[in-house]
Amino acid sequence: MPDALSALPPAVAALLARASVPPRLLREPAPGAAVLDLAVAAALRAPDHGGLRPARFVFISGAARAALGALMADSLARREPATPAERLDIERAKPLRAPMVVAAGAAIRPDHPKIPVWEQEASTAASIMNFLNAIDALGFGGVWLSSGALRDEMVKRALGFAATDRLLGWIYLGTPAPDRPVARAIETAGIARDWVPPAGP
Ligand SMILES: Cc1cc2nc3c(=O)[nH]c(=O)nc-3n(C[C@H](O)[C@H](O)[C@H](O)COP(=O)(O)O)c2cc1C
């Protein structure tokens, strides 16, 4: 952690120091059950209108990663039938790049009388971010990736999600290699501002 951060409260320093780790720099071991449980607990501290707890995390490790790769390659072949075999091979190998892949999704209640779907998805995205922050703060590494397979109903069903659920990301996890990326200096200019109401007539 950079020196400038060490004077800050640890929670804020951890937020400012988090950086994604690409799959090629994620090594064994994957986070164990205790770390994953803490990260899921942190995920459940995300704001959650109505207490619906929509976030879902499905852990895919070991040989299951090859099965996920097969699902991803089949999905690509279905969505883009002209895809060359070499490109399908790359898709098939994707989950094998890291010790663990997490399918992160939202258990959506489409007809909820009060909480619209976008709020349930927003809450789940906040949960995923809390999950990643906890993983990083606990000394592991991860990155949130997407792909066309996230929007494939057959992939979603194969992973045990319901038809009304929404897949929001593939979270690759592992132990960061020594040359992992570190957090970039953050420039906040232009991001936040005060609102000044127009003067009345
Ligand atoms: C919903 C979502 C999907 C993403 N999908 C990808 C992706 O498919 N490929 C990619 O390179 N980065 C993707 N990213 C960005 C990375 O997770 C990451 O934020 C980026 O590499 C910058 O690294 P940093 O988080 O350390 O700033 C995605 C981020 C989000 C929130």
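Residues numbered from 1 in each chain as written. Predicted model: local features only at pLDDT ≥ 70, side-chain atom pairs only at ≥ 80, totals over all residues.

> Can you lay out the overall build of the chain for me, pointing to particular residues and giving the numbers?
Across its full length, the chain carries seven helices and five strands. Viewed in the frame of its principal axes, the chain has a C-alpha envelope of about 65 × 45 × 35 Å. Within the chain, residue pairs in contact and separated by at least 24 positions form 81% of the contacts whose partners lie at least 6 positions apart. (Helix = DSSP H or I, 4+ residues; strand = E, 2+ residues; numbered from the N terminus. Contact = placed C-beta atoms within 7 Å.)

> Break down the packing of helix α4 (residues 64-79) against helix α5 (residues 85-93) for me, citing the residues and quoting the values.
The angle between the axes and the distance between the axes are what describe a pair of packed helices. Between α4 and α5, whose axes approach to 7 Å, the crossing angle comes to 145 degrees. Both α4 and α5 take part in a crossing whose hand is right-handed. Seen from α4, the contacting residues are G69, A70, M72, A73, L76 and A77; seen from α5, they are L88, E91, R92 and A93. Here the contact of α4 with α5 is built from residues that sort into seven nonpolar, one polar and two charged. (Axes fitted to C-alpha atoms, helices over the stretch in contact; angles between N-to-C directions. Left-handed = near helix turned anticlockwise from the far one by under 90°. Nonpolar A, V, L, I, M, F, W, Y, C, P; charged D, E, K, R; others polar.)

> Hey, could you go over the nonpolar core for me, with residue numbers and the actual values?
Soluble globular proteins tend to pack their nonpolar side chains together in the buried interior. With 38 residues, the main nonpolar core has V101, I128, I171, Y172 and L173 as its most contacted residues. Elements that contribute at least two residues to this core include exactly α3 (33-43), β2 (55-61), α4, β3 (100-106), α6 (117-137) and β5 (166-176). Leaving out residues up to four positions away in the same chain, Y172 has contacts with P23, L26, R97, A98, V101, G142, V143 and L145. (Core = buried A, V, L, I, M, F, W, Y, C linked by C-beta atoms within 7 Å. Buried ≥ 20, exposed ≤ 12 C-beta atoms within 10 Å, placed from the backbone.)

> Give me the lowdown on the site of the ligand, citing residues and values where you can.
Near the ligand the following residues occur: A19, S20, V143, W144, L145, S146 and G169. Element by element, the count of residues in the shell around the ligand is highest for strand β4 (residues 141-145), at three residues. Within the shell around the ligand, the residues separate by chemical class into four nonpolar, three polar and no charged. (Near = placed C-beta within 6 Å.)

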